[in-house]
Amino acid sequence: NAGVTQTPKFRILKIGQSMTLQCTQDMNHNYMYWYRQDPGMGLKLIYYSVGAGITDKGEVPNGYNVSRSTTEDFPLRLELAAPSQTSVYFCASIPSGGTNTGELFFGEGSRLTVL
Amino acid sequence: AQSVTQPDIHITVSEGASLELRCNYSYGATPYLFWYVQSPGQGLQLLLKYFSGDTLVQGIKGFEAEFKRSQSSFNLRKPSVHWSDAAEYFCAVGETSGSRLTFGEGTQLTVNP
């Protein structure tokens with residue numbers, strides 16, 4: 001199993017550009033999450049999904065959109081990039097039901113810079 | 001709303017010394033508590049977790065944590081720190097084992113030789 005895979009690992013955007021951060025997991029996990037990590041600020045939840053076709057806002061959703069058409073994929077879209085979205089983005093997943101041990105499985109992160 | 005406070009932004013210890021990282025949480029019911037570690041340029045890895053039962057939990061890499069309900073704390077400890085333990089450590093709280101986690105701001109650990 002590859003686990004949680006994020007692409008790209010690094011990206012530089014200009015203000016106003018749009019892009020999609022890709023996240024895919026091959027563990028058949030129902031729950032998936034997008035966090036952003038800013039220096040000294042810990043991780044903040046952007047969006048999450050409890051299954052295909054179901055998404056919900058987290059703590060800091062403004063400026064982002066997500067979709068969950070399949071169990072495996074949970075892309076994060078930035079429509080109009082702003083400098084405030086410069087951050088490291090982490091995708092994570094966790095199984096539901098009896099196999100859930102509480103452990104979040106994280107991707108390696110995507111570092112985004114908006115200039 | 002649930003919240004987590006890690007009072008120490010940065011801690012420096014000597015190799016071989018003992019370590020305690022503090023974590024205080026705010027939550028109305030019995031929390032699910034976690035400690036994660038993040039090495040530079042990497043994602044987060046689970047060190048240990050507390051759901052119920054014995055309040056002293058053992059984790060990987062020789063770490064342990066103690067849940068103290070009266071103090072709303074879940075401090076992480078290690079008797080003897082190794083240079084490879086240098087990393088950032090995050091405490092997190094959740095409502096259930098599968099819910100959204102709220103993370104603390106992290107404690108950066110430096111280990112001196």
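See above for the structure.
Numbering of residues starts from 1 in each chain and follows the order in which that chain's sequence is written. Whichever chain is written first is A, and whichever ligand is written first is 1; the rest continue in order. pLDDT decides what is reported in this predicted model: residues at 70 or higher carry local features, side-chain atom pairs at 80 or more are listed and counted, and totals for whole chains, interfaces and linings draw on all residues regardless. Side-chain descriptors were evaluated using all non-hydrogen atoms of the structure, hydrogens and water having been removed beforehand.

(A) Up close: the packing of aromatic side chains. Pairing of aromatic side chains here covers Phe, Tyr and the six-membered ring of Trp, requires ring centres within 6.5 Å, and sorts the geometry by plane angle: under 30 degrees stacked, over 60 edge-to-face, intermediate tilted. Under the counting rule described, the total for this entry stands at 16 aromatic pairs over all chains. Joined through ring pairs, the aromatic side chains of Y33(A), Y35(A), Y48(A), F90(A), F106(A), Y32(B), F34(B), Y36(B), F51(B) and F103(B) make up one cluster. Here, over-ring charges are defined by two tests on the NZ atom of lysine or the CZ atom of arginine: distance to the ring centre within 6 Å, and angle to the ring normal within 35 degrees. Taking NZ or CZ as reference, R68(A) lies 5.9 Å from the ring centre of F74(A), over its face.

(B) Region of the structure containing the interface of chain A and chain B. Facing 21 residues of chain A, the contacting portion of chain B comprises 20 residues. When the two sides are added together, the surface that chain A and chain B hide from each other amounts to roughly 1,600 Å², 54% of it contributed by carbon and sulfur. By definition, a salt bridge exists where a carboxyl oxygen of Asp or Glu is found within 4 Å of a side-chain nitrogen of Lys or Arg. Where chain A packs against chain B, one counts zero salt bridges. Under the rule applied, a polar contact is a pair of N or O atoms within 3.5 Å (in protein, one hydrogen donor and one hydrogen acceptor; residues adjacent in sequence only if both atoms are side-chain atoms). Connecting chain A to chain B are three residue pairs in polar contact (both at pLDDT 80 or more). Elements with a contribution of two residues or more to the side of chain A that touches chain B: β4 (31-37), β5 (43-51) and β9 (87-94) of chain A. In this description a helix means any DSSP run of H or I spanning at least four residues, a strand means any run of E spanning at least two, and both kinds are numbered starting from the N terminus. Counting residues per element, the side of chain A that touches chain B draws most heavily on β4(A), which supplies four residues. The class makeup of the residues in the side of chain A that touches chain B is 11 nonpolar, seven polar and three charged. The contact criterion used is simple: two residues touch if any of their non-hydrogen atoms lie within 4.5 Å. Two parts placed together each lose some accessible area; with a 1.4 Å probe, that loss summed over both constitutes the buried area. Under the grouping applied here, Gly and all other residues not named as nonpolar or charged are polar, the nonpolar ones being Ala, Val, Leu, Ile, Met, Phe, Trp, Tyr, Cys and Pro and the charged ones Asp, Glu, Lys and Arg.

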